[in-house]
Amino acid sequence: MRVVICGAGQVGFGIAERLSRENNDVSVIDTSARLVQAIRDSLDVRGVVGHGSHPDALVQAGIEQADMIVAVTLYDEVNMIACQVAHSLFNVPTKVARIRAQSYLEKQYASLFSRDNLPIDVIISPEIEVGEMVLRRLALPGALDSARFADERISVVGVYLREDCPVIDTPLRQLSGLFPELKATVVGVLRNDSMFVPRSDDAMLAGDVAYFAADRDQVRRTLGIFGREETEASRVVIAGGGNIGLYVAQALEARQSRTKVKIIEQDRERAVEIADDLSRTVILHGSALSQDILNESDIGQTDTMVALTNDDQVNILSCVMAKRLGVRQNLALINNSSYPPLAQSLGIDAYVNPRQVTISRVLQHVRKGRIRQVHSLQDGAAEVIEAEALDTSPLVGAHLRDLDLPDGLRIGAILRGSKVIMPDGETTVKAGDRVVMFALAGQVKRVEQLFRVSLEFF
């Protein structure tokens, strides 16, 4: 696939890195010669210095042969115009734009992004995407990571296994005997920074991160089996009153009327501004790194501290301080990909990576075949992919035990109509099923082949 990316910042670099790793033809445009040179030096991609919305720069990047344009510059207007130019002058099939300003996305203006106006096929709003992920983590405080698939009927959840986990050192094949009615399947394990798909004789160890697929109604029970059944937060302190912090607070006010929320915001004008947008949330003006402010927020009686500032170090350090002052759980927004491996040792219970959220949305539209949704794990080490099985798929009609699936793939769950099926060796995939699969990075292409529309690729 030929892809032109406008913007060489963290998100643009991350998308280029993933796509070039999979042998796509990638070009990146940015006004910063330094960023373009850095991406040329690091990745096998074409770099162009120029404005992403300018036709000449787009032509230099190969837009005339492109299958997709991904506009993720710092400016919404540049992203929108880049997609408009790609459509009007070059007839690019798929146009993706990151749009931050929420006023563009209000329901009364939905027609703005129609084919007759601004022809953008996929709109990515980081504030909404990251905010919704934060809300899912707050709803499942024992989870390290979570994503929903198949009309939210199936969840894939990552959980850190502590020394007191009841099922460590237990072979996976014994779990079905111990919990025969449990609708959950362990699909992947992260151990010592290495991701793998466990076999039935493998046992999970303390310190592992286990990923399981489950019926949404079985998630809390499964977390309990892994020793992480924890009550939903009723007292939340948010560090950072930016767009994401405001979105989370507004959603908590609207959806969870009993949840008490406080926001710590360092900028006085912003604190006053968001106070007008919130009805029940308490706004504290000050630094989240101030022990006095944390004590004023009653952090010691708080269930969850959520650090959502624009500074990774502030987010990490404020979570560490809050933990020392008695908060039960913490969650940090972390942009820098080098920080997450250190998070667990520093006492960070969970983190959200905005770049990873955006990359997952883009990959959903890059993947070939009938791919409905993609969730990237551990900086691209693996993906959870939801796809629709067609009559032409080699999965259809055969028992799973008879399929020659590689070691790096595992079917986690199947949605058939309104029924969630947890697969075993006797399970048969039928046409129309929505299949949720765990795939190591090296096996993603195999998943695409399994769900292609035509047989010509097999």
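Above this note sits the structure.
As the structure is a computational prediction, the values presented were derived from the model and not from experiment.

Engineer: Residue-level account of the overall build of the chain, with values.
Structural biologist: When helices and strands are counted, the chain shows 14 helices and 22 strands. Relative to its length of 458 residues, the chain is compact, with a C-alpha radius of gyration of 23 Å against a globular reference of 23 Å. Dimensions of the chain along its principal axes, counting C-alpha atoms only, are 60 × 60 × 45 Å. In the chain, which comprises 458 residues, the share counted as buried stands at 54%. Taken together, the 50 basic and 60 acidic charged side chains of the chain have centroids lying 4 Å from each other.

Engineer: Can you explain helix α1 (residues 10-21)? Please cite residues and give values.
Structural biologist: When the terminal C-alpha atoms of α1 are compared, their 16 Å separation across twelve residues agrees well with the 16 Å that a helix rising 1.5 Å per residue should span. Within α1, burial applies to V11, G12, G14, I15, A16, R18, L19 and S20. Downstream of α1 by a residue or two, N23 has a phi angle that is positive, lying close to 65°.

Engineer: Explain the pattern of salt bridges residue by residue, including any values.
Structural biologist: Throughout the structure, instances matching the rule amount to 25 salt bridges. Residue E388 pairs with R372 through a salt bridge whose shortest N-O separation is 3.6 Å. Of this pair, E388 sits in strand β19 (residues 382-388) while R372 sits in strand β18 (residues 371-377); the two residues are 16 residues apart in sequence, bridging distant segments of the chain. Overall, E388 belongs to the buried group, its relative accessible area being 16%. Put simply, R416 and D433 hold a salt bridge, and the shortest N to O gap is 2.7 Å.

Engineer: Tell me about the environment of R410, and please be specific about residues and values.
Structural biologist: Mapped onto the fold, R410 is located in strand β20 (residues 409-416). In the structure, R410 is positioned 222 residues away from G188 in sequence and 8.1 Å away in space, judged by C-alpha atoms. Ignoring sequence-local partners within four residues, the contact set of R410 consists of V186, V187, V197, P198, R199, V436, M437 and F438. Reaching out from R410, the side chain makes a polar contact with the backbone oxygen of V186 at a distance of 3.2 Å.

Engineer: Can you explain the pairing of β18? Please cite residues and give values.
Structural biologist: Burial runs high along β18: five of the seven residues are buried. Here β18 runs beside β19; their pairing, made up of six bridges, is antiparallel. When the bridges of β19 are listed, V374 appears paired with I385. Between β18 and β19, which pair antiparallel one after the other, the connecting turn spans four residues, and Q378 there sits at a positive phi close to 50°.

Engineer: Now, about the side chain of E265: what can you tell me, with residues and values included?
Structural biologist: Position of E265 among the secondary structure elements: in strand β13 (residues 260-265). The buried charged residue E265 lacks any salt bridge partner; its closest oppositely charged side chain belongs to R270, at an N-O distance of 5.5 Å. Here the side chain of E265 touches D267 through a polar contact of 2.9 Å, landing on its backbone nitrogen. Leave out the neighbours within four places in its chain, and E265 touches G240, G241, G242, R270, A271, L284, H285 and G286.

Engineer: Go over the state of the cysteines with me, naming the residues and quoting the values.
Structural biologist: Per the counting criterion, the structure on display carries zero disulfides. Unpaired in this structure, C6 has its nearest cysteine sulfur neighbour in C83, at a distance of 7.5 Å. With a relative accessible area of 0%, C83 lands in the buried category.

Engineer: Outline the environment of D379, listing residues and values.
Structural biologist: Mapping D379 onto the fold places it in the loop between β18 and β19. Exposure remark for D379: the relative accessible area of 39% places this residue in the partly exposed category. Separated by 23 residues in the primary sequence, D379 and Q356 have C-alpha atoms spaced 6.8 Å apart.

Engineer: Could you give an account of the sheet that holds strand β10 (residues 194-196), naming the residues involved and the relevant values?
Structural biologist: The strand order β7-β8-β11-β9-β10 describes an open sheet built from five strands, whose pairing is antiparallel. Edge positions in the open sheet fall to β7 (145-149) and β10, since each of these has one partner strand only. Across the sheet, the mean angle separating the axes of adjacent strands is 20° when strand polarity is ignored. In terms of strand pairing, strand β9 (residues 184-191) meets β10 through three bridges, oriented antiparallel. The residue of β10 that forms the bridge with R191 is S194.

Engineer: So, the pairing of strand β14 (residues 282-285): which residues are in play, and what are the values?
Structural biologist: The side chains of a regular strand alternate between both faces of the sheet. Where β13 and β14 come together, four bridges link them in parallel fashion. The partner of E265 across the bridge, within β14, is H285. In terms of handedness, the path from β13 via helix α9 (residues 268-277) over to β14 forms a crossover that is right-handed.

About the criteria used
Counting of residues starts from 1 at the beginning of each chain's written sequence and follows it residue by residue. Selection of residues for local features in this predicted model requires a pLDDT of at least 70, selection of side-chain atom pairs for listing and counting requires 80 or more, and totals for whole chains, interfaces and linings are taken over all residues. Processing note: side-chain calculations cover all non-hydrogen atoms of the structure and skip hydrogens and water entirely. Segments assigned H or I by DSSP are reported as helices when at least four residues long, segments assigned E as strands when at least two residues long, and all are numbered from the N terminus. Computation of the radius of gyration draws on C-alpha atoms, with the globule rule given as 2.2 Å multiplied by the number of residues to the power 0.38. Note on classification: 1.4 Å probe, protein chains only; a residue is buried when its accessible area is under 20% of the maximum for its type, exposed when over 50%, partly exposed between these limits. Charge assignment in this entry is limited to Lys and Arg as positive and Asp and Glu as negative, and neither His nor the chain termini are counted. To locate a charge, take atom NZ for lysine, CZ for arginine, CG for aspartate or CD for glutamate. In a helix, the anticipated span is given by 1.5 Å times the number of residues less one. Any Lys or Arg side-chain nitrogen located within 4 Å of an Asp or Glu carboxyl oxygen qualifies as a salt bridge. Contact between two residues is taken to exist if any of their heavy atoms lie within 4.5 Å; hydrogens are not considered. Polar contacts here mean pairs of N or O atoms no more than 3.5 Å apart (in protein, one a potential hydrogen donor and the other a potential acceptor; neighbouring residues in sequence count only if both atoms are side-chain atoms). By definition, two strands form a pair when at least two bridges between them are found by DSSP. By definition, disulfides here are pairs of cysteine sulfur atoms that lie within 2.5 Å. A fitted line through C-alpha atoms represents every axis, and for helices the fit uses only the stretch in contact; the resulting angles, taken between N-to-C directions, go from 0 to 180 degrees. The crossover handedness rule: strands pointing away from the viewer, path from first strand over the helix to second strand clockwise, crossover right-handed.

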